[in-house]
Each structure stands twice: as structure tokens, then as C-alpha cells.
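# Residue-level structure breakdown
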Protein chains: 2
Amino acid sequence: MDDRPGVGRPTLETVARRARVSRQTVSNVLNSPHLVHPETRSRVERAIEVLRYRPHQAARSLRTHRSRLIGVRMEAFGDGINGSILDRFIHALTEVAEGHGYRVLVYTAADDASEIAAYEDLLGTHEIDAFILTSTHRADPRTAWLASRNTPFVTFGRPWDGTEHHSWVDVDGAAGTREATRRLCALGHQRIAFLGWPEGSGVGDDRRAGWEDALRGCGWDPAALVVAGPDGVDEGREGAHRLLDGAVPPTAFVCASDSLALGAIGALSDLGLVPGPDLPVIGFDDTAVARAIGLTSLAQPLGQAAQLCVNLMAALLGTDPDGTSTRPAHHLLRPELVVRATGLGGPPTGHPTATITSARTPTS
Amino acid sequence: MDDRPGVGRPTLETVARRARVSRQTVSNVLNSPHLVHPETRSRVERAIEVLRYRPHQAARSLRTHRSRLIGVRMEAFGDGINGSILDRFIHALTEVAEGHGYRVLVYTAADDASEIAAYEDLLGTHEIDAFILTSTHRADPRTAWLASRNTPFVTFGRPWDGTEHHSWVDVDGAAGTREATRRLCALGHQRIAFLGWPEGSGVGDDRRAGWEDALRGCGWDPAALVVAGPDGVDEGREGAHRLLDGAVPPTAFVCASDSLALGAIGALSDLGLVPGPDLPVIGFDDTAVARAIGLTSLAQPLGQAAQLCVNLMAALLGTDPDGTSTRPAHHLLRPELVVRATGLGGPPTGHPTATITSARTPTS
DNA sequence: TTGTAGGCGTTATCAC
DNA sequence: GTGATAACGCCTACAA
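No experiment lies behind these values; they were computed from the predicted model shown. (Residues numbered from 1 in each chain as written. Chains lettered and ligands numbered in written order. Predicted model: local features only at pLDDT ≥ 70, side-chain atom pairs only at ≥ 80, totals over all residues. Heavy atoms only, no water.)

## With respect to the pairing of strand β1 (residues 69–73) of chain A
Residue and element names in this part refer to chain A. Within β1, five of the five residues are buried, which leaves it mostly tucked inside the rest of the structure. Residues Leu69, Gly71 and Arg73 line one face of β1 and the alternating positions Ile70 and Val72 line the opposite face, and both faces are buried. For β1 and strand β2 (residues 103–107), the ladder comprises five bridges, and the chain directions are parallel. Bridged to Val72 within β2 is Val106. Pairing of β1 with strand β3 (residues 130–134), which is carried by three bridges, proceeds in the parallel orientation. What sits directly across from Val72, in β3, is Ile132. (Buried < 20%, exposed > 50% of the residue type's maximum accessible area, 1.4 Å probe, protein only. Helix = DSSP H or I, 4+ residues; strand = E, 2+ residues; numbered from the N terminus. Pairing = 2+ DSSP bridges.)

Written out as C-alpha cells, the structure is:
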């Protein structure tokens, strides 16, 4: 006569019997509580509690075509310096998503094409509800593909082609480098160099634009000082050397990444120079390396970005799937300047080529 | 008369009609190909191809109680220096798992208790097939919990209590520090210090044991030189200072982490010293920071570890769920010494307290 | 407000 | 070797 407690996993049926109601009522308690009489509801809720019942997502999914799963790509990082910031983003995203009742499914992909193949598989087999894309770039085929399938998605990174029409969150790189450069100007620096990436990279151009802006605002000509190369410590070192060997060596460096900044510090060290108030070096992304070596850097508000991404995604998923869905929305966040030993801690001391040392890395 | 191509997602039924067989036969082609006549099979396979059919995991899961999902915890990293190594592991794991037809679901948890709560939820709602645990430690309640529920799992990190009986993969930290210390001995170093963590941390004790071993093997007494504190750059700096201020300052540092090593380098720098062949500093984990600043370090073979974890997991899942399951197995991998500028590049040059410089970080 | 009927896509069991 | 039937757990009508 009893409902055989403990045999197998509890189902709606088990709960219903225990609470002396029908399956449907239990379902309503879960999905539309307002339809259920308070007294009945609390009786059902107690039964759920006692039986430790949890709705079976597969069964739910079969019926509703919703998995409560969101997909995020795990990227293979280059030198490991900048790679970690995406991991921090995914961590934050996972945490925030859990608060909204979503789980995060990660996958890998070597390029856009294989990422699209992953979408196809994930959508077909697991019925992923939405994707969060990272590392958007020019001529990005992913957004168009997803849009054509009516798959909800949000990008962390704006659509660099301008024509796209979807929800996104991004960090205003230009605002960051602009602020850093302005502050350097205010401290009396005149020859402020920029170490960046080749033109055309969206993120790189953006970060460079901020520096250029600020420098023009101070009345200086930025053209002569910029050096661009791919990302990496060696590239930064080489670029900085080129500038330092020029006729008018810079008195400060603003860099598009911590890797480049680290390279610049290496170049200075090669010349017996040490970064600091007289010779500031500013990186971007506030990576572990920056924290470790005391590099002033621009930090992306990753937690906030993750939060906003999930909010936008939830908005997308909240509306009826066909018909008028929510308007796409964006958020552009300001990076935060984290001041450390390598610069902006105070005004220059007055003797820019200070402290000649023998601090070069020993090479036996 | 036609099977209305393109209407909704293709199902077994769609494929069956197209191949002029029953649903069941299609299912057999997918799950037990050997039961199906080759000719029929290829006909079905073509239909699958043409229709771009993919089995619906939710429906499958409902029937089989298998989700083809494995759970991994995304950890919040401390100083961000060592945190990234777990992310590299998860990346590798995701990639390897995909090769086995599994997807990785990530989740967060603040402590063991909330991680166990996550297990409960994940098992109940998504019917996760297995978990890969990281950061095992003494008195770890997670393994017992999972074992008591008969949930398959593999740990990356050995069971430090010794009594556990499950599959695991780990990196032989002691072997790493032993090798590094031996090589320092061979180069003529006598006073080799160890910067580690407080006793009782499993991983820390292991790494320390290797150093102790090797030092005894060289005929030196390790006791006087060890310094232990929590992990972090500042702790390493302070610890190194204590040693360097002692009666007999060390001529080499072996460290339990790159953070500690970085601290040691800072301490040396405070004294106008620079690490190198005469004054080696060796870190652990080969993090991005190590690569960036040229720190010699011991690298964990994370890709291999991930591969083995998935293999062990697949073995667990391959057996019949009840009855005699596969025996637990382990793998202990050797870390690799990555030699860079801070040491082991060659023999000491003979003047151990070389290159006094003014290389301290400027403090305006 | 509560209960009943049907089906989502798949696989296991059993005939044929 | 192949095909019919039932069931997995849930949700969405609809009826009471």
C-alpha cells in the first residue's frame, strides 16, 4: 500500500502519490506555482523535499526542447599569458549561469568552421539553449550561422564588422588606453609610445585608437612612435628596442597586452633601464603576470561582463521563440587601470634615464 | 507521399521511412551495427547522412540513463598564477573527452560540501555519467560520497589518505624536485634551499620530500634550509629573505610553486642579486609567469594526464554498471624540467655573489 | 484548482 | 535479420 520509498529515483508520480495529488499538480507546483492552492502547494513542496525529488532534465528536454544548457568554447591559449583571461571569464560565466538555473557545457574548436560544426552537433544532440561566443573578429561567420538558425546567442566582444545585429557585451579598450595615455600626459610625459598588433584586428585597433586620441588631445603626434607586431613577449621586446634606438626614444610605453609590456620591460632592462615613474610601462588585461611582476595594467571587468552576458541571454530565452523577440542590446564596459610599480604611481622624478644597472638576464 | 523533408528535426522515424526500414533497425545501425545486414546498414547510413540526422540525447538519456556528459569543477584560482594550470587541464580534458564522444559540463563550488551538493544536483537533473575531480586533499569527503552512490569518477590527484580505492592520475612531484635538486648537487651546489607550504598539504609534502631525498643522497642536511609558508609571491619573498639573512645563505632555491620562486627572485633582487647559473631558482608548474620571466620550472604533463583520466573513465563506464566493474587503476606521471635563464643552464661560474646592482623595484 | 490523455525520440523486449 | 510494442519522466492541452 505504501509508495515503495527509496526504490529508484523519485518521479513526479512518486511525489504525487506521497502528497495525495495528481502528477499534474506537482508539475504545476514546479512550473506554475501560482495556479496551485497554497495549502496543496506546501504539501507538495514538503513531499519534494522529503523525497529529494529533482525533475529529470532529459524528460523535460524531450518535451520542451529546452536543455537549460549553454555552450561556451574553451580556447587554446597562445603564450598562456593572455589565455587565462578567457578562463577567468568562463569561470565567472559558469557561476552566474548557475544562479539563473543554467549549466555550462564547454567544447573546443580549432577555428570558426569547426566551431560551427560543434554548434551543429551540440544543437542536434544536446539541444543547447544558447551560446556565448568569445573572441569575435572581423568577417566572423559564427554569428551569421547562429542567427540563420534562430539560435539565441550573446557575444563577449562586439561585432567588428558593424553590420551584425545581436546582443553583445564588450570592454572599451580605447577608453582604457585613452585614460592611461592622458594620465601619462598629465604627468608631463611627451613621447608616449604604443606597442600594438598589426592593423585589422578589431581589439588591437581599438586599443590603439584610444592612445592615438589621447595623444592628439595633448598636442603630440602619435605617428612616429607606434610599433606594431604580433602578440608576444619577444615581439614587444623587439618593438621597444626599435623605438628606444630611434632618434627620440619614448619616455613611456602603453601596450596592447601584458605580453608586449613584458617585452618592453625586457628591452629596457637590456639597456640598463628599469620601468617606474620616470619610465612607465602599462600593459593590458591585468593578467597573472602583471600582478606577479608589478606591472601597471588595464583590467577588464570580467565578472561584470559575464553577468551581463547571462542577463542578455536570459532575456533572449525568456521571450517566445518565434515572433517578436527581445531587441538585441549591448553593454560597453570600461576597463580599470590597476596601478603598480611600473608606472603611474606618481610624477616623474626628473631624471628620465635613471638607474643604470647591470640587471640584464645572465647568459653564462 | 514523400516524407516531408525539412520539416522539423529528423528523427529515427524520418530516417527509417527514407531507408524503408523500421525505426528499430535504424537504432540498431547506430548502437549495434553488427546485428544489421551490411546492405541494409549502408542504406540506412546513407539516409542518416542525407538527412543530417543526429540522435536526440535527451530521448536517449531518458531511456538509457546515460547522458554522455562528464562533470568537472572550475576552480576559482588564488593569485591567478597557479590557477591557470587547472584551466589548461580542463581544456585538454575537454578535447580528449570529445574524441570519446563525451561532452564536459563545468560547475563551480566554493568548498567540498557545495561540490557534493553540485554532484547531487547534476546527477539528479542531468544524469552526469562521471566526474573528474581535481585538487584532492587529505580527508577529502568527495570520493567517499561518490563511491557510496556508485557514481563513476576519476581523480586528477592521488588519494592522499591512502585508504581510498579508485582510479586516479597524478604527477610525481617528488620525482620532479628530486631531479632538480640532484642536478643542482651535480653542478656543485651544496646549500640548496626549499621554499614550500606548511606540512600536511599532500602536494606540498610530496614536492618537499623529493628535495629532501636528493639532498640526503648528496650528503647534505636539508633540515636547516627549509622554509614553509602559504603559497604566494610575498610569502616566497619573505621566506627567501629569512634564509638569505641566515648564517649560511643558500646558493640555490627549489620551490613548490612558481609563485614562491618569483618571490625568491624578488628577495634576491632586493639584495642586488640576480638568479642564474650561480644562484639558481627553480619553480614548479611551468606557469605563464615562468615562461614570461624565464624561470626554470617543473612542468606537469597536463595533456597526458587528461588523456589518461578520460581513458580510466571510459574503462569505468564501459563495464556493466552493477556486478564486477573494472579494477581501479592509477598513473603517476613525471614532471618535466624546463630549463630557462634562472638556473640549470650550466655550471656555476665560480663567484656566487655576483653582480650587485641597483635593480630593486623603484619606489619613487 | 485539479485530474486525464497523449506524445516528445529513443531503446529493450520479444515476436516474426 | 527485421519489425511491432511498451516504457523512460515530463509537459501541454483539455476536461472536470
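## Considerations on the state of the cysteines
All names here are of chain A. According to the stated counting rule, one finds two disulfides over all chains in the structure shown. The residue that forms a disulfide with Cys185 is Cys218, at a sulfur-sulfur distance of 2.3 Å. Given an S-S torsion of about 115°, the disulfide between Cys185 and Cys218 has right-handed geometry. Of this pair, Cys185 sits in helix α8 (residues 173–186) while Cys218 sits in the loop between α9 (203–217) and β7 (227–228); the two residues are 33 residues apart in sequence, bridging distant segments of the chain. Judged by its relative accessible area of 30%, Cys218 is partly exposed. Cys255 takes part in no disulfide bond, and the closest cysteine sulfur, belonging to Cys185, lies 15 Å away. (Disulfide = S-S within 2.5 Å.)

## Notes on the relation of the copies chain B and chain A
One copy of the chain maps onto the second through a rotation about an axis and a displacement along it. The transform that puts chain B on chain A rotates by 180° and translates by 0.1 Å along the axis, for an RMSD of 0.2 Å. Given the turn and translation reported, the copies of this chain are related as if by a two-fold rotation axis. When the interface residues of chain B are mapped onto chain A, 100% of them are again interface residues, pointing to one common binding face. (Least-squares fit on C-alpha atoms with pLDDT ≥ 70 in both. Contact = heavy atoms within 4.5 Å.)

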